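An overview of the molecular structure
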Amino acid sequence: MAYSTSDIEHPTRVEELVGRIAALGKPFRGLPDSFEPEAIRAAGRRQANCLNAEEGQDVAGGRVIVAFLKRGEVIFRDIGAIRF
C-alpha cells in the first residue's frame, strides 16, 4: 500500500505504507500508528492545521477520502469531514 500527495507546484510523491499512516513531513511524528477512521481523521486534521499555519491562511481541510487497494481493484471511501 502507498500514500501519495501532490499539489500544483510539486510532482506527486509516493511513500510506502507498512502498517502505519505514512507522512511526508513532521505533522505525523508522535501519533500512534492506526488505520481506524477517527485516527485517520485526526491525522488529516493535524496535517491540515500544519499546512494552514505554514501558509498563513486556510488552504487545507475538507473531507478525508481513503483508498483500499487490492489486486485489480481500488475502493475509495469518504470517512468524513476534518473538524477544526
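See the structure shown above.
Residues numbered from 1 in each chain as written. Predicted model: local features only at pLDDT ≥ 70, side-chain atom pairs only at ≥ 80, totals over all residues. Heavy atoms only, no water.

1. Section: the overall build of the protein chain
Secondary structure assignment for the protein chain yields 1 helix and 4 strands. Listed N to C, the secondary structure of the protein chain is β-β-α-β-β in terms of helices and strands. Across the 84 residues of the protein chain, 24% fall into the buried class. Expressed as a percentage of contacts within the protein chain between residues at least 6 apart in sequence, the contacts between residues at least 24 apart total 20%. (Helix = DSSP H or I, 4+ residues; strand = E, 2+ residues; numbered from the N terminus. Buried < 20%, exposed > 50% of the residue type's maximum accessible area, 1.4 Å probe, protein only. Contact = heavy atoms within 4.5 Å.)

2. Let's talk about the pairing of strand 4 (residues 73-81)
Here strand 3 (residues 63-70) runs beside strand 4; their pairing, made up of 8 bridges, is antiparallel. Among the inter-strand pairings, Ile65 is bridged to a residue of strand 4, identified as Asp78. Taking the residues that link successive antiparallel strands as the turn, the strand 3-strand 4 hairpin has 2 residues, and the phi of Gly72 there is positive, at about 75°. (Pairing = 2+ DSSP bridges.)

3. A word on the side chain of Ser34
With respect to the secondary-structure elements, Ser34 resides in the loop between strand 2 (10-16) and helix 1 (37-55). A relative accessible area of 18% places Ser34 in the buried class. At 3.0 Å, the side chain of Ser34 forms a polar contact with the backbone nitrogen of Glu36. (Polar contact = N/O pair within 3.5 Å; in protein donor to acceptor, adjacent residues only side chain to side chain.)

4. Let's talk about the nonpolar core
Of all hydrophobic cores here, the largest spans 6 residues; its members are Ile40, Ala48, Val64, Val66, Ile79 and Ile82. Secondary-structure elements contributing two or more residues to this core are helix 1 and strand 3. When residues no more than four places from it in sequence are discounted, the contact partners of Val66 are Ile40, Ile75, Phe76, Arg77 and Ile79. (Core = buried A, V, L, I, M, F, W, Y, C linked by side-chain atoms within 4.5 Å.)

5. Side note on a nonpolar patch on the surface
On the surface, Ile65, Leu69, Val74 and Phe76 cluster together into a nonpolar patch covering about 410 Å² of accessible area. Every element with two or more residues in the nonpolar patch is listed here: strand 3 and strand 4. By secondary structure assignment, the location of Ile65 is in strand 3. (Patch = residues over 30% accessible without salt bridge, like charges linked within 9 Å, V, L, I, M, F, W, Y side chains within 5 Å. Areas by Shrake-Rupley, 256 points an atom, 1.4 Å probe, with all protein chains shown as cover. Salt bridge = Lys/Arg side-chain N within 4 Å of Asp/Glu carboxyl O.)

6. A word on the environment of Gly80
As for its position among the elements, Gly80 is in strand 4. Sequence separation between Gly80 and Ile65 is 15 residues, and the spatial gap between their C-alpha atoms is 7.7 Å. Not counting the four nearest positions on each side in its chain, Gly80 is found in contact with Arg41, Arg63 and Val64.

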